[in-house]
Amino acid sequence: MTEFRITHDIHEAHPDIRERLTATTIEAINESSARSAEDAARVLLHKLAEIGVHMSEPACLAAVERIRSGKQLRFEIEPADD
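Residues numbered from 1 in each chain as written. Predicted model: local features only at pLDDT ≥ 70, side-chain atom pairs only at ≥ 80, totals over all residues. Heavy atoms only, no water.

Right, let's talk about the packing of helix H3 (residues 37–50) against helix H4 (residues 57–68) for a bit. The geometry of H3 relative to H4 is characterised by a closest axis approach of 8 Å and an angle of 115° between their N-to-C directions. When you trace H3 past H4, the crossing you get is right-handed. Packed against H3, whose contacting residues are Ala37, Glu38, Ala40, Ala41, Arg42, Leu44, Leu45 and Leu48, the element H4 presents Glu57, Cys60, Leu61, Ala63, Val64, Glu65 and Arg68 at the interface. Split into classes, the residues belonging to the contact of H3 with H4 amount to ten nonpolar, no polar and five charged. (Axes fitted to C-alpha atoms, helices over the stretch in contact; angles between N-to-C directions. Helix = DSSP H or I, 4+ residues; strand = E, 2+ residues; numbered from the N terminus. Left-handed = near helix turned anticlockwise from the far one by under 90°. Contact = heavy atoms within 4.5 Å. Nonpolar A, V, L, I, M, F, W, Y, C, P; charged D, E, K, R; others polar.)

Encoded structure:
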């Protein structure tokens, strides 16, 4: 299971961030199901930006590939770097 890390600061501002990230990821993948993984990653990148979350394009691609292969994602919360 791949862990995508988010910071405490984001979690404190948006306590439901895990659920929002998961729902947004699934929505983006469903919307782009007929597209290549790279195109789906770009859709995911833009959808995450709409909810105020930045994830790199390689991380979005990894998320798309994991979900398309039937694997789960888990969003892990960690302290923000100073």
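Moving on from the coordinates now.
Here we come to helix H2 (residues 17–31). The terminal C-alpha atoms of H2 lie 21 Å apart, and with 15 residues this matches the ideal 21 Å at 1.5 Å per residue to within 8%. Looking only at H2, the buried set comprises Ile17, Leu21, Thr24, Thr25, Ala28 and Ile29. The buried residues of H2 all sit within an arc of 130° when viewed along its axis, so they share a single face. Exposed residues lying more than 90 degrees from the buried face of H2 are Glu19 and Asn30. (Expected span 1.5 Å × (residues − 1). Buried < 20%, exposed > 50% of the residue type's maximum accessible area, 1.4 Å probe, protein only. Arc of directions from axis to C-beta.)

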